[in-house]
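Take a look at the letters that make up each chain.
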Amino acid sequence: MKSTEPLKRLAQLVLVVLGSTFLVSILIRLLPVGLEDIYVVNPDPAGRAREIRNLGLDLNPFAFYLRWLNGFIHGDFGSYVYPGPTFVPVSQYITRTLPVTLQLIFYVQIVALTISIPLGLLSAYKVGTRIDRFISNGLFIFSSIPSFVLALILAFYIGVKLGWVPPLGYAQPFCSAEDIDRANACGIREHFKLMVLPVVSLSVPLIASYTRLLRTDVIATLREDFVTMAASKGLSNQRILWTHVFRPSSITLFTSAALNMGGLIGGALVIETIFSIPGIGFEIALAIASRQYFALQAYIAIIAFGYVFFNVIVDLTIGRIDPRSRERRQ
Amino acid sequence: MKFKQLGIFSKASVIWLCLVIFMVVFGQWIPLPQPTNFDIDAMGVGLFDSLKHPLGTDSNGYDLLSNVILGARPSMLISLISVGIGGLIGSTLGIISAYKRGKLDYVVNTLFNIVLSVPALVLGLALVAVLATNPDPNIEVPTSRRVVVIILSLTIVIIPVLGRIARGATLSWSNREFVVAARSMGMKDSQIIMKHIVPNVLPAIYAVAFLAIGVVIVVEGSLSLLGVGIVDGVSWGSMIARVRGDLEYAPHSMIVPVVVLALTVIACNQLGDVLRSQLDSREGRL
């Protein structure tokens, strides 16, 4: 039992990646318009047949998927196909856009966690009081405001009306020679100025849900005997909360933070489009609008892969945060 | 649970949702300016500035009140239908697989995970983009087909969300003494599920279904904002998308649909929450 459990879990996660990429592969073959009508414009029948074969469109869906999977495993993520045919590898887009999105998500998580952890501890410690109710209700309302709504309002009032930060755009944190050549905005200061609004609009709904998760768990932990014990030893409340209570209560919080990474890419898609940040979400929206379905397939595969990756991370780290859960599983 | 026992927040939520449902059902018979008629003499009228246009008009002169009222129907119908169908399919799958356990459970759970591994918005966007394409990119896809595709995509997104909840709840109920007793007395599985499992699992599903309605309203709005939602219709999301550029000239034309959409989401979340906390206290008493 003990040794097969992680393997079973791993097998299921591999199945998830295979399943989702397979479904996308089937989906793009289901298009009401055949892919060959979109990408192949060669009027010459022989040339046309050759191009269709090149794209693998003469294969049945299963063989088509296996061909794609084989390429994907060997690092060929597929291409943007333009009439001609011209191929632009997706990997070159991914290496450019994925770091930008990961950076945005990283900022969002940091901001959300640094704000929600103290808030969650405070409202659990003061459970039932006016402070608790104020925090819970206030956050509840904020969490219900969709982040795209928040983004549009912030961009207008803070970006345009007040002019505190530029309303949209993106700047690399470090200036490359090319940026200086083209007079692109770059540098740490510019970078953070432009990231403020997207990060705020994505993290506000998260803060609410994180605070809530932590609050529930902390309330449960505060009833444990070891807390009474620590209090009777005369430790200060601050110290008990941070060193004794926080760690065992943080599992749900960190699990959900890790599992949120995938969902955040979906949220980033809208936010990146609104603020025109050249991240992977923006690129996905563009790929869909310009009918680049091969590229879309690669992007979705990467997101599914990320989802599974963070699932594994959660499984591996939970035991470290709370040793009790290791025992329970065995 | 009686209406009187609810807190002030929940009462307000119930009243607001009743109002929204009223708009959905009777919206088209309320005597208002046509949402598609622009009033050339009243472009960008502010909030509460004119009796003719109580909520003002946007910079094209469209009446905001009538747009909001008539926008309730597409927004709410899309979310109610997709959560309804998705919830039905999802919870059926979840309950049966959790009750039967074994291979079936493994397969269903893996399928749920596959759908969940792609973020709701990305999946919805991909499905709509793929299924609502026209051979000729210059010809718009008819709105009715778009609506069907959007509902279908959102249904697929919702199935695993509610399915997982149903599965989890069933797993914990199917080991309770009364279920074991019923089984040992020779009751048929289908009867046990209908008589003992479903009534106990339903409250959990209702609670999450309310939250899911909120999520779907937001996803539908995001789809409109990205240009693949209902383009020429008047759902709240597409209203927001349409006036996006006018924020400077007529900020209230954006604020009005935004507030209506946010209030509806808040109300759904609040009610889902109340249902869930009631459930927890009931579990606690057992």
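On a predicted model such as this, the values are computed, not experimentally measured, just so you know.

Participant: Explanation requested: the overall build of chain B in the structure shown.
Facilitator: Scanning chain B for helices and strands turns up 9 helices and 0 strands. Helices (α) and strands (β) of chain B occur, in sequence order from the N terminus, as α-α-α-α-α-α-α-α-α. A burial count over chain B gives 53% of its 286 residues as buried. In chain B, once contacts between residues fewer than 6 apart in sequence are set aside, the share between residues at least 24 apart is 69%.

Participant: How should the overall build of chain A be read in this particular structure?
Facilitator: Helices and strands together make up the secondary structure of chain A, namely 15 helices and 2 strands. Its C-alpha atoms give chain A principal-axis dimensions of roughly 85 × 60 × 40 Å. Counting the 330 residues in chain A, one finds 47% classified as buried. Long-range contacts, defined here as pairs at least 24 residues apart, represent 70% of the contacts in chain A between residues at least 6 apart. The centroid of the 28 positive side-chain charges in chain A is displaced by 10 Å from the centroid of its 20 negative side-chain charges.

Participant: Is there a simple way to explain the confidence of the model for chain B in this structure?
Facilitator: Any region with low pLDDT has predicted coordinates that should not be read closely. Residue and element names in this part refer to chain B. In this model, chain B carries an average pLDDT of 81, and 82% of its residues clear a pLDDT of 70 or more. Considering each helix and strand of chain B separately, the mean pLDDT is smallest for helix α9 (residues 251–285), with a value of 78, and largest for helix α2 (residues 64–100), with 89. For this predicted complex, the interface confidence reaches an ipTM of 0.78, while the overall pTM sits at 0.83.

Participant: I'm lost on the pattern of salt bridges in this one. Help?
Facilitator: Pairs can form between side chains of opposite charge whenever their charged atoms are close. In total, this model carries 4 salt bridges over all chains according to the counting rule given. Of the charged contacts in the structure, one is a salt bridge between R215 of chain A and D132 of chain A, with a shortest N-O distance of 2.9 Å. You can see R215 of chain A sitting in helix α9 (residues 188–222) and its partner D132 of chain A sitting in helix α6 (residues 130–144), a full 83 residues away along the chain. The class for R215 of chain A is partly exposed, based on a relative accessible area of 22%. Here R212 of chain A and D273 of chain B are joined by a salt bridge, their closest N and O atoms 2.4 Å apart.

Participant: Can you help me understand the interface of chain A and chain B in this one?
Facilitator: Taken together, the contact between chain A and chain B spans 40 residues of the former and 44 residues of the latter. Each partner contributes to the roughly 3900 Å² buried at the junction of chain A and chain B, and carbon and sulfur atoms together form 78% of this total. For the pair chain A and chain B, the interface holds 1 salt bridge. Viewed at the interface, chain B and chain A are joined by 2 residue pairs in polar contact (both at pLDDT 80 or more). At the level of elements, α1 (4–29), α6, α7 (147–161), α12 (251–275) and α14 (293–321) of chain A are the ones that each hand at least two residues to the side of chain A that touches chain B. The leading source of residues in the side of chain A that touches chain B is α1 of chain A, at 9 residues. Here the side of chain A that touches chain B is built from residues that sort into 28 nonpolar, 9 polar and 3 charged.

Participant: What exactly am I supposed to notice about helix α5 (residues 90–125) of chain A here?
Facilitator: Given 3.6 residues to a turn, an α-helix orients residues that are three or four positions apart in the same direction. Look at α5 of chain A: 50 Å from first C-alpha to last across 36 residues, which is about the 52 Å you get at 1.5 Å a residue. Maximal helix bending in α5 of chain A amounts to about 30 degrees, located at T97 of chain A; proline P99 of chain A follows within four positions.

Participant: Sorry, what's going on with the side chain of S20 of chain A here?
Facilitator: Its location among the elements puts S20 of chain A in helix α1. By relative accessible area, which is 3% here, S20 of chain A ends up buried. Non-local contacts of S20 of chain A, meaning those with residues more than four positions away in its chain, are made with A304 of chain A together with I114, S117 and V118 of chain B.

Participant: Could you clarify how one ought to interpret the pairing of strand β2 (residues 86–89) of chain A in this entry?
Facilitator: Put simply, side chains in a regular strand alternate between the two faces of the sheet. All names here are of chain A. In this sheet, β2 lies alongside strand β1 (residues 79–82) in antiparallel orientation, the contact comprising 4 bridges. What sits directly across from Y82, in β2, is T86. Remark: 3 residues form the turn of the hairpin made by β1 and β2, two consecutive strands paired antiparallel; G84 in that turn has positive phi of roughly 155 degrees.

Participant: When you look at a nonpolar patch on the surface in this model, what are you seeing that I'm missing?
Facilitator: A contiguous nonpolar patch, built from L77, I81, I85, L88, I89 and L93 of chain B and spanning about 490 Å² of accessible area, is present on the exposed surface. Counting through the fold element by element, I81 of chain B comes out in helix α2.

Participant: Help me out: how do you make sense of the nonpolar core in this one?
Facilitator: Here is a general trend for soluble globular proteins: nonpolar side chains tend to be buried in one another's company. F148, Y293 and Y299 of chain A together with W236 of chain B are the most contacted members of the largest nonpolar core, which totals 159 residues. Residue contributions to this core peak at 15 residues, all from helix α7 (residues 189–225) of chain B. Apart from the residues lying within four places of it in its own chain, the contact partners of W236 of chain B are V20, V68, G71, A72, S75, M76, P257, V260, L261 and T264 of chain B. L13, V17 and Y307 of chain A together with I114 of chain B belong to the second largest nonpolar core, which has 6 residues in total.

Participant: What is the right way to read the packing of aromatic side chains from this model?
Facilitator: The way to describe two aromatic rings as a pair is by their centre distance and the angle between their planes. All names here are of chain A. Summed over all chains, the structure comprises 15 aromatic pairs over all chains. The interplanar angle of 50 degrees and the centroid separation of 6.4 Å between the aromatic rings of F106 and Y107 together place this pair among those described as tilted. Of the residues examined, Y107 reaches a relative accessible area of 18% and is grouped as buried. The interplanar angle of 55 degrees and the centroid separation of 6.0 Å between the aromatic rings of W242 and F246 together place this pair among those described as tilted. Of this pair, W242 and F246 both sit in helix α11 (residues 237–249), 4 residues apart, roughly one helical turn. Residue classification places W242 among the partly exposed residues on the basis of a relative accessible area of 42%.

Participant: Sorry, what's going on with the confidence of the model for chain A here?
Facilitator: For chain A, the mean per-residue pLDDT works out to 82, and 94% of the residues sit at or above 70. Here helix α15 (residues 323–329) of chain A stands out as the element of chain A with the lowest mean pLDDT, 58, in contrast to α5 of chain A, whose mean of 91 is the highest.

Participant: Looking at this structure, I do not really get unusual backbone geometry. What am I missing?
Facilitator: As a rule of thumb, non-glycine residues mostly have phi less than zero, and peptide bonds are mostly trans rather than cis. Residues and elements named next belong to chain A. With a phi close to 40 degrees, S276 is a non-glycine residue in the positive phi region. Looking at the element boundaries, S276 is found in the loop between α12 and α13 (280–289). A relative accessible area of 30% places S276 in the partly exposed class. Positive phi, normally seen in glycine, also occurs at R291, with a value near 60 degrees. In this structure, R291 sits in the loop between α13 and α14.

Participant: What should I look at first to understand the packing of α5 of chain A against α12 of chain A in this one?
Facilitator: All names here are of chain A. Running from amino to carboxyl end, α5 crosses α12 at an angle of 130 degrees, the nearest separation of the two axes being 10 Å. The pairing of α5 with α12 is recorded here as oblique in orientation. Once α5 is placed against α12, the crossing between them reads as right-handed. Residues T101, L104, I105, V108, Q109, L113 and I117 of α5 form the contact with α12, whose own contacting residues are L253, F254, A257, N260, M261, L264, I265, A268 and E272. Residues of the contact of α5 with α12, tallied by class, amount to 12 nonpolar, 3 polar and 1 charged.

Criteria and cut-off values
- Within every chain, residues take consecutive numbers counted from 1 along the sequence as written.
- The naming scheme follows written order: chains are lettered A onward, ligands numbered 1 onward.
- Totals for whole chains, interfaces and linings use every residue, but because this is a predicted model, local features are given only for residues with pLDDT of at least 70 and side-chain atom pairs only at 80 or more, for both listing and counting.
- The basis for every side-chain value is the complete set of non-hydrogen atoms in the structure, without hydrogens or water.
- Starting at the N terminus, helices and strands are each numbered in turn, a helix being any DSSP run of H or I of at least four residues and a strand any DSSP run of E of at least two.
- A 1.4 Å probe rolled over the protein chains alone gives each residue an accessible area, and that area as a share of the maximum for its type sets the label: buried under 20%, exposed over 50%, partly exposed in between.
- Any two residues whose heavy atoms approach within 4.5 Å are treated as being in contact.
- Positive: Lys, Arg. Negative: Asp, Glu. His and the chain ends are not part of the count.
- Positions of charges follow a simple convention, taking NZ of Lys, CZ of Arg, CG of Asp or CD of Glu.
- As a per-residue measure, pLDDT reflects the predictor's confidence and takes values from 0 up to 100.
- A side-chain nitrogen of Lys or Arg and a carboxyl oxygen of Asp or Glu constitute a salt bridge if their distance falls within 4 Å.
- Buried area counts how much accessible surface, traced with a 1.4 Å probe, disappears from two parts once they are put together, with both parts' losses summed.
- Under the rule applied, a polar contact is a pair of N or O atoms within 3.5 Å (in protein, one hydrogen donor and one hydrogen acceptor; residues adjacent in sequence only if both atoms are side-chain atoms).
- Side-chain classes are defined by residue name, with Ala, Val, Leu, Ile, Met, Phe, Trp, Tyr, Cys and Pro counting as nonpolar, Asp, Glu, Lys and Arg as charged, and the others, Gly among them, as polar.
- In this analysis, the expected span of each helix is defined as 1.5 Å times one less than the number of residues it contains.
- Here the bend at each residue means the angle between axes fitted to two seven-residue stretches, the one ending at that residue and the one beginning there.
- When DSSP finds two or more bridges between a pair of strands, those strands are recorded as paired.
- To count toward a patch, a residue needs a relative accessible area above 30% and no salt bridge. Like charges then connect within 9 Å, nonpolar side chains (Val, Leu, Ile, Met, Phe, Trp, Tyr) within 5 Å.
- All accessible areas in this document rest on Shrake-Rupley with a 1.4 Å probe, and a residue is counted as covered only by the protein chains that are shown.
- Here, the term nonpolar core denotes a set of buried Ala, Val, Leu, Ile, Met, Phe, Trp, Tyr and Cys residues that are joined through side-chain atoms within 4.5 Å.
- Note on aromatic contacts: the rings of Phe and Tyr and the six-membered ring of Trp form a pair at centre separations within 6.5 Å, being stacked when their planes are under 30 degrees apart, edge-to-face when over 60 apart, and tilted otherwise.
- Note on geometry: axes are C-alpha line fits, over the in-contact stretch for helices, and angles between N-to-C directions span 0 to 180 degrees.
- Angles below 35 degrees are treated as roughly parallel, those above 145 as roughly antiparallel, those between 65 and 115 as roughly perpendicular, and all remaining angles as oblique.
- In this scheme the handedness of a crossing depends on how the near helix is turned from the far one: anticlockwise by less than a right angle means left-handed, clockwise means right-handed.

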